[in-house]
Amino acid sequence: MTATPATPANRQFRLARRPQGAATREDFDFVADAPIPAVEEGGVLVRTELLSLDPAMRGWMNEGRSYIPPVGIGEVMRAGGIGRIVASRNPGFAEGDAVSGLLGIQDFAAFGHAQIQRGDVRRIDLAAGTPGQWLNVLGMPGMTAYFGLLDVGLAKAGDTVVVSGAAGAVGQTVGQLAKIKGCRTVGIAGGPAKCDWVVKELGFDACIDYKAGPQAVREGLKQHAPRGVDVYFDNVGGDILDTVLAKLAPKARIVICGAISQYNNANSAPTAGPRNYLSLLVNRARMEGMVVFDYADRYPQAIAELAGYLKDGRMKSREDVVDGLENFPEALAKLFSGGNFGKLVLKVA
C-alpha cells in the first residue's frame, strides 16, 4: 500500500560525508523527489510537521562507537519530530493522530510494526501541550532535564544548582524544575538578553553572562554560589566546566549531558577533558554522564509532571522556530553559534 498525500514526493536531507568541524550544507545531499514510503502491514506513515534540532545531531554524524549508531553515509539525517498519521495499517493509530518519533529530516517517515512495538513512534496528546512544547519541555530536552537533574544530579531543596546553556532547550527546563524543587538556581548563558530572560521570565535566582569577559564565570560563581555548587548540569564542557569544577561544594554532583563547545572539533582533534578533575577527589564529588534514552520507560511519569507545571504556569517553554525544510543546514548551524534563543525547531509543514 502506498499513500497518496497532497505532496507528490518526499524531500530529504541525507548525510553525504562525515563533517570535519562544523557541519555545512556541503555535508548533506538534498533530494527533492524521493519516493513516499510504502506502508507495510502493521505500520504507519507520518507526515512531518516540526523537527527538533539538537546539539546531539552533530555527534550522530561522526563515525565511531557511541551510545547510538552513527548516521550512515547516504542515510536520511536523524532527527526527532512531531507529525500526523496520514496512512495507517495498525489498529493503534488512526489517520490524523498527532505523534512524535525519530522522523528524520524529511517530509514523510514510515514505521513498521516492530518499530511501533519498540516505541519509535508514539501518539501524543495536544491537550497537554502545543506541538512545539512536545519537542521542548515535553520532549527529549525536557526528559533529559528531568532525569538528569533528579535521577543523576539528585537535586534536593536547598541545593545550589548551576546549569550551563541556561537559555537553551535543556537548560531552561533544568533551571525551572530546580526552582520548583526548592533549589537556588544559577544559569550560565551568552549575552545580556538571554540572561535577562532566564532571570526575569524563568525565575532563576541569577544568570552569568559568559561572554562578559574571560573571568565572568569565575567571578559570577563567587558572587552567586558563595557556598559552592551542589549540582552542576553541564551542557557545554570546555573551559566553563573547568571553572565550575573549581567551585564545587562537598559531595557535589556533576551531570554530564553535553559538550557543545567541543562538538565541532575536527574529527582528528580529541575532546578536551577537564583539567580541574582533582576537585572531585578533594570535595568527594562525582561526575556522571547521562543518556536520555535510558529512561524511555519512565517518560510518561516525567511528561505528566512537567505538563502539570506548564498548565499551572510554574514552567514556561520557549521555542525558536525556523521555517522551511530546505533551510535545515543553516538552521542547525545556529545551535553552535549561539544564534538560537530557546529550543530550536524546524517547521516543515
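Predicted model only: the values in this text are computed from it and were never measured.

1. Section: helix α7 (residues 216-224)
Moving on, step 1. Within α7, the full set of buried residues consists of Ala216, Val217, Gly220, Leu221 and His224. Angular distribution of buried residues about the axis of α7 spans 125°; they occupy a single face of the element.
Moving on, step 2. Where the residues of α7 are buried, they touch β8 (160-164), β9 (184-189), β10 (206-209), β11 (229-234) and α8 (238-245).

2. A closer look at the side chain of serine 279
Moving on, step 1. Mapped onto the fold, serine 279 is located in helix α9 (residues 278-282).
Moving on, step 2. On the basis of relative accessibility, which here comes to 14%, the residue serine 279 falls in the buried class.
Moving on, step 3. Leave out the neighbours within four places in its chain, and serine 279 touches Leu245 and Leu248.

3. Brief notes about the sheet that holds strand β13 (residues 286-289)
Moving on, step 1. Pairing is parallel across the open sheet formed by 6 strands, whose spatial order is β10-β9-β8-β11-β12-β13. The sheet terminates laterally at β10 and β13, the two strands that pair on one side only. Strand-to-strand twist in this sheet, taken as the mean axis angle between neighbours without regard to direction, amounts to 15°.
Moving on, step 2. Where β9 lies against β10, 4 bridges are found, and the strand directions are parallel. Note on β10: the bridge partner recorded for isoleucine 188 is isoleucine 208.
Moving on, step 3. The strands touched by helix α4 (residues 140-152) are β8, β11, β12 (248-256) and β13; relative to β11, the strand with the most contacts, the crossing angle is about 150°.
Moving on, step 4. Strand contacts of helix α5 (residues 169-180): β8, β9 and β11, with the helix running at about 170° to β8, the strand carrying the most contacts.

4. Overview of unusual backbone geometry
Moving on, step 1. Positive phi values are uncommon outside glycine, yet leucine 154 reaches one of about 50°.
Moving on, step 2. For leucine 154, the location among the structural elements is in the loop between α4 and β8.
Moving on, step 3. For leucine 154, a relative accessible area of 46% corresponds to the partly exposed category.
Moving on, step 4. Backbone geometry at lysine 251 places phi at a positive 65°, although glycine is not the residue there.

So, how was this worked out
Residues numbered from 1 in each chain as written. Predicted model: local features only at pLDDT ≥ 70, side-chain atom pairs only at ≥ 80, totals over all residues. Heavy atoms only, no water. Buried < 20%, exposed > 50% of the residue type's maximum accessible area, 1.4 Å probe, protein only. Helix = DSSP H or I, 4+ residues; strand = E, 2+ residues; numbered from the N terminus. Arc of directions from axis to C-beta. Contact = heavy atoms within 4.5 Å. Pairing = 2+ DSSP bridges. Axes fitted to C-alpha atoms, helices over the stretch in contact; angles between N-to-C directions.

Purely spatial values, then, with no claim about function.
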